[in-house]
Amino acid sequence: MNTPTQLFGSWRHILGSLTLAVLLEQLPWTGWAQALRPDFVLVGVLFWTLHQPARIGFATAFFLGLLADFQDGAVFGQHAIAYVIGVYLVLFLRLRLLQFDPFRQAAQLFPILLAVQLVVLLVGWLAVNPPAGLAMLLPVLGSTVLWYLVAGFLRLLHGKGLQDRA
Amino acid sequence: MATPGQLMFARGLGPTARLLIWLLIGLGLAVFDSRYHALDGLRSGFSLLLQPVREIMRAPSDVAAELGGFFTRHRLLQKERDTLLAERARLMVNVNAARELRRENAELRSLLQLQTRPGQQVVHAAQLYRGHDWFSQRITLDQGGRAGLRSGLPVVDAVGLVGQVGRVYPASSEVTLISSPEQLTPVLIERTGQRGLAAGSGQNLLELRYMPAQTDIRPGDRLLTSGIDRVYPAGIPVARVTRVSRSQSGPYLRVECMPLAGLDRSRAVLVLIAEPQVTTQ
């Protein structure tokens, strides 16, 4: 596998980035920033699932999903279920995703992130009550952009260009 | 053919099996939580874990606000002081009138042999975190069970009703905002005294439900809590009517109201601790 897998991804990096993601979600977001706020934790989990599937997977996603449920005061399991499904989708498409440059990767991640958010919506709908409007799909855009930025940044860090040279 | 993503010579279960196991656990948790409320311990654990983190993460914005305040222009401060002084003078007049009314009220109550209204205790709290939930609108306060809060207490800010305390943890608590979907607030129209039920719509608006078509209500009317629910004390301002329209299909009016309290703005709120008693028996 000629992916940057081996170049980064020690436990220190993984734990550090996931902790950072949790911390970022604790910031008091308001207004438009809150509406568009990417799901940092989800992006982190999916990113490490893609690059370190032996270390980060279902269990981590489930636990962090429970944490997200607590944060939003939602029903326990709402985000946990959605995150687990996201991990599955990434594992399923893993070899395909690893071939793309950051931009196309982010474009491919978009439907996965959308699916995760739709599962959150569905579980919440069944367990609590109908959601108020479709504004809840906005963070999917934020998360996609965040994925692009992270993946692009790491590639630049390792001395590769943003674009794949065919 | 192995599923892509599966490691070669996989030692454990495949991704699909693991997905199903985790989904079952998740569904089980969701059912236990929503049907039996069996997971409050887990919530308390998370709250203990995250409480200090939230306090710390709030610091940068506090520092920024502090710095911003430091560089505020002198003239702005003077202007603010002038308006505050004027407001204080006006409020002092009100306080004197209220003191007089309270005395008179006490006399009348003793004449009528009604119970006296219990004094109200308040707890100051600050907004710690705003939830990102699309099914109900909640904020998290930095005060909890240790400060005497319990589930169901009303929360107000300087202008009006903010919401109702929901889950309570030792050092923090969740408040369901009045604009949260399906959150009901019993209100009365200040001008006419007619009672009604205000329901949150989820988009920072309230909707006055079940108002018959001939109701005397117009934009600009204020809604106060009616106090008949034993949850909210009577007379807290709730919302102002912004639009009244006749629905084509139903027998009721469509009344939209704007909450008075700064639901998404105010950082500092008060929690009222008192047993609101129904005084007219």
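Every residue gets a number counted from 1 within its own chain, in the order that chain's sequence is written. For naming, the first written chain is A and the first written ligand is 1, with later ones following in the order written. With the structure being a predicted model, the display of local features is reserved for residues of pLDDT at least 70 and the display and counting of side-chain atom pairs for 80 or more, all residues being used for whole-chain, interface and lining totals.

(A) Quick peek at the overall build of chain B. For the purposes of this entry, the term helix denotes a DSSP run of H or I that reaches at least four residues, the term strand denotes a run of E that reaches at least two, and both are numbered from the N terminus. Along chain B, the regular secondary structure elements total three helices and twelve strands. When the 281 residues of chain B are sorted by exposure, 29% land in the buried category. Considering only residue pairs separated by 6 or more positions, chain B has 56% of its internal contacts joining residues 24 or more positions apart. Neighbour counting defines burial: a residue surrounded by 20 or more other C-beta atoms within 10 Å of its own C-beta is buried, one with 12 or fewer is exposed, and intermediate counts give partly exposed, using backbone-placed C-beta atoms. Residue pairs are scored as contacts if the distance between their C-beta atoms, which are placed from the backbone, is within 7 Å.

(B) Structural detail: the sheet that holds strand S4 (residues 161-168) of chain B. Spatially, six strands are ordered S1-S2-S5-S4-S3-S12 (chain B) in a closed barrel, and the strand pairing comes out antiparallel. Averaged over all neighbouring strand pairs, the angle between strand axes comes to 45°, with direction disregarded. Whether two strands pair comes down to DSSP finding at least two bridges between them. In this analysis, axes come from line fits to C-alpha atoms, helices being fitted only over the stretch in contact, and the angle between any two N-to-C directions falls in the range 0 to 180 degrees.

(C) Representation of the environment of B:Leu253 within the structure. All names here are of chain B. Structurally, Leu-253 is set in strand S11 (residues 253-259). With 18 C-beta atoms packed within 10 Å, Leu-253 lands in the partly exposed category. What Leu-253 contacts, discounting residues up to four positions off in sequence, is Met-211, Ala-213, Thr-215, Val-244 and Arg-246.

(D) Region of interest: the pairing of strand S7 (residues 195-200) of chain B. Residue and element names in this part refer to chain B. Where strand S6 (residues 184-189) and S7 come together, five bridges link them in antiparallel fashion. Residue Pro-186 lies in a different strand from S7, and its bridge partner there is Leu-197. Connecting S6 to the antiparallel partner S7 that follows it, the hairpin turn spans five residues, and Gly-193 within it adopts a positive phi of roughly 80°. Where S7 and strand S8 (residues 206-209) come together, four bridges link them in antiparallel fashion. Looking at the pairing, Ala-198 lines up with Leu-208 of S8. Where S7 folds back on S8, the antiparallel hairpin that results is connected by five residues, among which Gly-202 adopts a positive phi of roughly 95°.

(E) Summary view of the pairing of strand S5 (residues 173-177) of chain B. All names here are of chain B. Burial runs high along S5: five of the five residues are buried. Here S5 shows two buried faces, one formed by Ser-173, Val-175 and Leu-177 and the other by Glu-174 and Thr-176. In this sheet, S5 lies alongside strand S2 (residues 138-141) in antiparallel orientation, the contact comprising four bridges. The partner of Leu-141 across the bridge, within S5, is Ser-173. Alignment of S4 against S5, held across four bridges, turns out to be antiparallel. By the bridge assignment, Val-165 is partnered in S5 with Val-175. Between S4 and S5, which pair antiparallel in sequence order, lie four residues.

(F) Inspection of the interface of chain A and chain B at higher detail. Chain A puts 39 residues into the contact, and the matching count from chain B is 41 residues. Ranked by residues supplied to the side of chain A that touches chain B, first place goes to helix H5 (residues 78-92) of chain A with seven residues. Only Asp, Glu, Lys and Arg are considered charged, only Ala, Val, Leu, Ile, Met, Phe, Trp, Tyr, Cys and Pro nonpolar, and every remaining residue, Gly among them, polar. Of the residues that constitute the side of chain A that touches chain B, the class distribution is 26 nonpolar, ten polar and three charged.

(G) Layout of the packing of helix H3 (residues 40-51) of chain A against helix H8 (residues 138-157) of chain A. All names here are of chain A. Where H3 contacts H8, the axes come no closer than 10 Å and their chain directions differ by 45°. Here H8 runs oblique to H3, going by the angle between their axes. Our pair here, H3 against H8, has a crossing hand that is right-handed. Contacts between H3 and H8 involve Leu-42, Val-43 and Phe-47 from the former and Ser-143, Leu-146, Trp-147 and Val-150 from the latter. Orientation labels follow simple angle bins: below 35 degrees gives roughly parallel, above 145 gives roughly antiparallel, 65 to 115 gives roughly perpendicular, and whatever is left gives oblique. Left-handed describes a crossing whose near helix is turned anticlockwise from the far helix through less than a right angle; right-handed describes the clockwise counterpart.

(H) Broad picture of the nonpolar core. In this structure, A:Val45, A:Tyr83, A:Val84 and A:Val87 are the most contacted members of the largest nonpolar core, which totals 52 residues. Those elements giving two or more residues to this core turn out to be helix H1 (11-26), H3, helix H4 (58-72), H5, helix H7 (102-127) and H8 of chain A together with helix H1 (15-36) of chain B. Considering every element that reaches this core, the biggest residue donor is H5(A), with eleven residues. Other than its neighbours up to four places away in sequence, A:Val45 contacts A:Ile56, A:Thr60, A:Ala61, A:Leu64, A:Tyr83 and A:Val87. We define the nonpolar core as any set of buried residues of the types Ala, Val, Leu, Ile, Met, Phe, Trp, Tyr and Cys, connected via C-beta atoms lying within 7 Å of each other. Core analysis: the next-biggest nonpolar cluster, separate from the first, contains 38 residues, B:Leu128, B:Val165, B:Val238 and B:Val269 among them.

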